[in-house]
Amino acid sequence: LLFEWVSKHGEWMPPFPNAKRAFSLTGKGDEVLLEQCGTFLTNAALASVLSEQQRHLKVARRWTLEMCRLERGKYGLGSYAAGLARAYDWLYESWTDDERTHIQACLAKYMRQLYLNSVPGSGKTDWWADYHLHHDFWIPVGGMGEAALALIGEVDDASLCAAHVKKSFDTCLSLLGDDGYWHEGAAGWCYAMAPLLAFCGAWQTVLGENLHDVPWLKGAALFRLYHWLPDNTYIYLNDSWRS
């Protein structure tokens, strides 16, 4: 299904301005576009790794280099940076030296922006900083963490950023109970769970430490099931919806 999807949409390009120059996405709704770009690149890069076919690699390479044109973005930059980090890492051997240096620099720029956005008093703090129980905190922080882990050993402050993300998620999890309950409902649960699991997986791959052995995380699947209704909808709760 993944191969079919990427092949079907292989001619897509990031919906950015046509001029080959840097640009920013900071307007209302732009975070959705950033998230979609990160997701598409993840799919294309994963298809390339699994199929080892040039047609999938071509799509992933095109998207990666095009996405490096972004100058700055909103909290959706976390998903965007995560997608770019995966493509950079998974397709590492496919990049030329110049391409690798260029992607690395862009990824480091996004990582540093997200770091400053997440630190109160940095002068560039975003609204979601220190909102540890809001999914819009988990999305940019998790993406920053994946970017940092992809750059460890190559960029000096990558280790600092990765440790910052680990500490941030530790704080988040310390504020949650053991039953897997997520106060924003099933939809918000998805937005929070995805960046957390992606970061934990990357952390274990790069640093060898398993971060999954947490009571709240172990109970999260039951929370999702308990909110699932017989008509295949979910309990409407807080920042959520029924579908």
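Residues numbered from 1 in each chain as written. Predicted model: local features only at pLDDT ≥ 70, side-chain atom pairs only at ≥ 80, totals over all residues. Heavy atoms only, no water.

A tally of regular secondary structure across the protein gives nine helices and two strands. Taken from N to C terminus, the helices and strands of the protein fall in the order α-β-α-α-β-α-α-α-α-α-α. A compact globule built from 243 residues would reach a C-alpha radius of gyration of about 18 Å, and the protein, at 18 Å, matches this within 12%. Principal axes of the C-alpha set define a box for the protein whose edges measure 50 × 45 × 40 Å. Within the protein, the fraction of its 243 residues that count as buried is 51%. Across the protein, contacts joining residues at least 24 apart in sequence account for 71% of those joining residues at least 6 apart. In the form shown here, the protein has an accessible surface area of approximately 11,900 Å², with 55% of it arising from carbon and sulfur atoms. One finds the centroid of the 21 positive side-chain charges in the protein at a distance of 7 Å from the centroid of its 28 negative side-chain charges. (Helix = DSSP H or I, 4+ residues; strand = E, 2+ residues; numbered from the N terminus. Rg over C-alpha atoms; globule rule 2.2 N^0.38 Å. Buried < 20%, exposed > 50% of the residue type's maximum accessible area, 1.4 Å probe, protein only. Contact = heavy atoms within 4.5 Å. Areas by Shrake-Rupley, 256 points an atom, 1.4 Å probe, with all protein chains shown as cover. Lys, Arg positive; Asp, Glu negative; His and termini not counted. Charge placed at Lys NZ, Arg CZ, Asp CG, Glu CD.)

With that out of the way, let us pick up the side chain of Asn117. Structurally, the position occupied by Asn117 is in helix 5 (residues 97–118). At a separation of 2.7 Å, a polar atom in the side chain of Asn117 contacts the main-chain carbonyl oxygen of Lys124. Contacts of Asn117, omitting those with residues within four sequence positions, involve Lys124, Thr125, Asp126, Trp128 and Ala129. (Polar contact = N/O pair within 3.5 Å; in protein donor to acceptor, adjacent residues only side chain to side chain.)

With that settled, the discussion passes to the packing of aromatic side chains. Per the counting criterion, the structure on display carries 17 aromatic pairs. Taking the centre distance of 5.9 Å and the plane angle of 80 degrees together, the rings of Tyr80 and Tyr110 count as edge-to-face. One end of the pair, Tyr80, is in helix 4 (residues 77–90); the other, Tyr110, is in helix 5, and 30 residues separate them in sequence. Taken individually, Tyr80 and Tyr110 each receive the classification buried, so the pair is uniform in this respect. Every member of this aromatic cluster is reached through a ring pair, and the members are Trp138, Phe169, Trp182, Phe199, Trp203 and Trp216. (Phe/Tyr/Trp six-rings, centres within 6.5 Å; stacked < 30°, edge-to-face > 60°.)

The end-to-end C-alpha distance of helix 6 (residues 135–151), which contains 17 residues, comes to 25 Å, matching closely the 24 Å that a straight helix rising 1.5 Å per residue would cover. Here helix 6 lies mainly inside the structure; 17 of its 17 residues are buried. (Expected span 1.5 Å × (residues − 1).)

Moving on, we get to the pattern of salt bridges. Pairing of side chains with opposite charge becomes possible as their charged atoms draw close. Here the structure, examined in full by the defined rule, presents nine salt bridges. The partner of Asp170 in a salt bridge is Lys166, and the shortest N-O contact between them spans 2.8 Å. Taken as a pair, Asp170 and Lys166 lie in helix 7 (residues 158–174) at a separation of four residues, close to a single helical turn. Residue Lys166 is classed as buried on the basis of its relative accessible area of 17%. Close ionic contact of Lys218 with Asp213 constitutes a salt bridge, the shortest N to O distance being 2.6 Å. The exposure classification of Lys218 matches that of Asp213, with both residues exposed. (Salt bridge = Lys/Arg side-chain N within 4 Å of Asp/Glu carboxyl O.)

Grouped together as the largest cluster of nonpolar side chains are 70 residues, with contacts concentrated most on Tyr80, Leu107, Met111, Trp138 and Trp216. With nine residues, the top contributor of residues to this core is helix 6. Not counting residues within four places of it along the chain, the set of residues in contact with Tyr80 comprises Phe16, Leu34, Cys37, Gly38, Met67, Cys68, Leu70 and Tyr110. (Core = buried A, V, L, I, M, F, W, Y, C linked by side-chain atoms within 4.5 Å.)

To continue, consider the packing of helix 4 against helix 6. Packed helix pairs are specified by the crossing angle of their axes together with the interaxial distance, meaning the distance between the axes. Remark: helix 4 packs on helix 6, axes separated minimally by 7 Å, with the N-to-C direction vectors making an angle of 25 degrees. Judged by the angle between their axes, helix 4 and helix 6 are roughly parallel. Between helix 4 and helix 6 the crossing geometry is left-handed. Residues Gly78, Ser79, Ala81, Ala82, Ala85, Arg86 and Tyr88 of helix 4 touch helix 6, and the partners they reach there are Ile139, Pro140, Gly143, Glu146, Ala147, Ala150 and Leu151. (Axes fitted to C-alpha atoms, helices over the stretch in contact; angles between N-to-C directions. Parallel < 35°, antiparallel > 145°, perpendicular 65-115°, else oblique. Left-handed = near helix turned anticlockwise from the far one by under 90°.)

Turning to a nonpolar patch on the surface, a few remarks are in order. Taken together, Phe3, Leu46, Val49, Leu50 and Trp90 make up a surface patch of nonpolar side chains, about 420 Å² in accessible area. The leading source of residues in the nonpolar patch is helix 2 (residues 30–51), at three residues. Tracing the backbone shows Leu46 in helix 2. We classify Leu46 as partly exposed; its relative accessible area is 31%. (Patch = residues over 30% accessible without salt bridge, like charges linked within 9 Å, V, L, I, M, F, W, Y side chains within 5 Å.)

The next point concerns the environment of Thr101. By secondary structure assignment, the location of Thr101 is in helix 5. Put simply, Thr101 and Glu154 are 53 residues apart on the chain and 9.9 Å apart in space, counted from C-alpha to C-alpha.

Since the α-helix advances by 3.6 residues per turn, residues separated by three or four positions end up pointing in the same direction. End to end, helix 8 (residues 185–207) covers 32 Å across 23 residues, agreeing with the expected 33 Å (1.5 Å per residue, within 8%). Among the residues trailing helix 8, Gly208 stands out with phi positive, at a value near 80 degrees.

Interpretation note: all reported values are geometric properties and have no functional meaning in isolation.
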